[in-house]
Amino acid sequence: YPSHDISGFDISQFIVDWIENIGFTGRDDIWNFIMVRFLENPWLGHGYGGFWYLGPHSLNILYGTGYVPMINQAHNGYLDILLNLGVVGAVIYLFVLSSFFVLLPSKKTVHDSVYLLCWCLLVFSLLHNLTESSILRGYSWVWVIQLIVLAVSYRLATEGSKAV
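To start, this report covers the structure provided alongside it. Model, not experiment: these values are computed from the prediction.

1. Quick look at the overall build of the protein
When its secondary structure is counted, the protein shows six helices and two strands. Reading the helices (α) and strands (β) of the protein from amino to carboxyl end gives β-β-α-α-α-α-α-α. Each of the 164 residues in the protein was classed as buried or not, and the buried ones make up 35%. When contacts within the protein are restricted to residue pairs at least 6 apart in sequence, those whose partners lie at least 24 apart make up 66%. For the protein, the accessible surface area stands at approximately 10,200 Å², while carbon and sulfur atoms represent 70% of it.

2. Brief notes about unusual backbone geometry
The phi dihedral of His75 is positive, around 55°, even though this residue is not glycine. Position of His75 among the secondary structure elements: in the loop between α3 (59-63) and α4 (77-103).

3. Details of the packing of aromatic side chains
Taken as a whole, this structure holds six aromatic pairs when the rule is applied. Here Phe33 and Phe51 contribute two aromatic rings whose centre-to-centre distance is 6.1 Å and whose plane-to-plane angle is 55°, an arrangement assigned as tilted. Linking Phe33 in helix α2 (residues 27-38) with Phe51 in the loop between α2 and α3, this pair joins segments that are 18 residues apart in sequence. Site record: aromatic cluster; members linked through ring pairs are Phe33, Phe51 and Trp52. Lying across the ring of Tyr63, Arg37 places its NZ or CZ 4.0 Å from the centre.

4. Comments concerning the state of the cysteines
Within this structure, the stated rule accounts for zero disulfides. Free cysteine Cys120: the closest other cysteine sulfur is in Cys118, separated by 9.5 Å.

5. Some remarks on α4
Helix length check: α4, at 27 residues, gives a terminal C-alpha distance of 24 Å against a target of 39 Å (1.5 Å per residue), a shortfall beyond 12%. Largest kink in α4: about 120°, centred on Leu85. The N-capping residue of α4, defined by a side-chain oxygen 2.9 Å from the backbone nitrogen of Tyr78, is Asn76.

6. Considerations on the packing of α2 against α4
If you want to describe how two helices pack, look at the angle between their axes and the distance between the axes. One can describe the packing of α2 onto α4 by two numbers: an axis separation of 10 Å at closest approach and a directional angle of 10°. If you check the angle between α2 and α4, you find them roughly parallel. In this structure, α2 uses Trp31, Ile34, Met35, Arg37 and Phe38 to contact α4, whose residues at the interface are Leu79, Leu82, Leu83, Gly86 and Val87. Here the residues of the contact of α2 with α4 are counted per class, giving eight nonpolar, one polar and one charged.

7. Focus on the pattern of salt bridges
Using the criterion set out here, one finds three salt bridges in the structure. Glu132 is the salt-bridge partner of Arg27, the closest N and O atoms lying 2.4 Å from each other. Taken as a pair, Arg27 in helix α2 and Glu132 in the loop between α5 (112-128) and α6 (141-159) lie far apart in primary sequence, 105 residues in all. For Arg37, the salt bridge is made with Glu40, and the minimal N-O distance between the two is 2.2 Å. Overall, the relative accessible area of 40% leaves Glu40 in the partly exposed class.

8. Here's the deal with the environment of Tyr63
Along the chain, Tyr63 turns up in helix α3. As a C-alpha pair, Tyr63 and Phe33 span 30 residues in sequence and 8.9 Å in three-dimensional space. Setting aside chain neighbours within four positions, we find Tyr63 in contact with Phe33 and Arg37.

9. Comments concerning the packing of α5 against α6
Between α5 and α6, whose axes approach to 9 Å, the crossing angle comes to 145°. Crossing angle aside, the handedness with which α5 passes α6 is left-handed. Where α5 abuts α6, its residues Val114, Tyr115, Cys118, Leu121, Leu122, Phe124, Ser125, Leu126 and His128 lie against Trp141, Val142, Ile145, Gln146, Val149, Val152, Ser153, Leu156 and Ala157.

Reading the values: the criteria
- Residues numbered from 1 in each chain as written.
- Predicted model: local features only at pLDDT ≥ 70, side-chain atom pairs only at ≥ 80, totals over all residues.
- Heavy atoms only, no water.
- Helix = DSSP H or I, 4+ residues; strand = E, 2+ residues; numbered from the N terminus.
- Buried < 20%, exposed > 50% of the residue type's maximum accessible area, 1.4 Å probe, protein only.
- Contact = heavy atoms within 4.5 Å.
- Areas by Shrake-Rupley, 256 points an atom, 1.4 Å probe, with all protein chains shown as cover.
- Phe/Tyr/Trp six-rings, centres within 6.5 Å; stacked < 30°, edge-to-face > 60°.
- Lys NZ or Arg CZ within 6 Å of the ring centre and 35° of its normal.
- Disulfide = S-S within 2.5 Å.
- Expected span 1.5 Å × (residues − 1).
- Bend = angle between axes of the 7 residues up to and from the residue.
- Polar contact = N/O pair within 3.5 Å; in protein donor to acceptor, adjacent residues only side chain to side chain.
- Axes fitted to C-alpha atoms, helices over the stretch in contact; angles between N-to-C directions.
- Parallel < 35°, antiparallel > 145°, perpendicular 65-115°, else oblique.
- Nonpolar A, V, L, I, M, F, W, Y, C, P; charged D, E, K, R; others polar.
- Salt bridge = Lys/Arg side-chain N within 4 Å of Asp/Glu carboxyl O.
- Left-handed = near helix turned anticlockwise from the far one by under 90°.

As far as function goes, none of this settles anything; it's purely spatial.
Quick look at the structure:
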């Protein structure tokens, strides 16, 4: 790369370093650590709360480096499910989640505006979990919203909405 110095600062090298080290504010380091630990128990995981919440014996404290020992989540809800519940738990979660899409009506109903709101809230919660962990966390309002969306859609589907 040709050098483009401004007052002794190499701009081209800065851009190359920035592109090579770009990440999701450190989340990629967390995710790499999580994937290594997930592969230790891929089918059933480490158990719900068995990875982050064991106090001084937590695996992130024992094996983590840098800032990993100071966090209590993977900053990705889907990786947290894999880590805690394994592939079996992730499949069960996906099965429950897919029932929402199955319950969506194929024709116009009197509840279309409620279904639209549920759809928007579910998409928000699914996108939120790409960079934060809220699935299966009772203190997280995003998880509570996801549960409400699923409950409302189940209720509307079982009531047998009238066609317009």
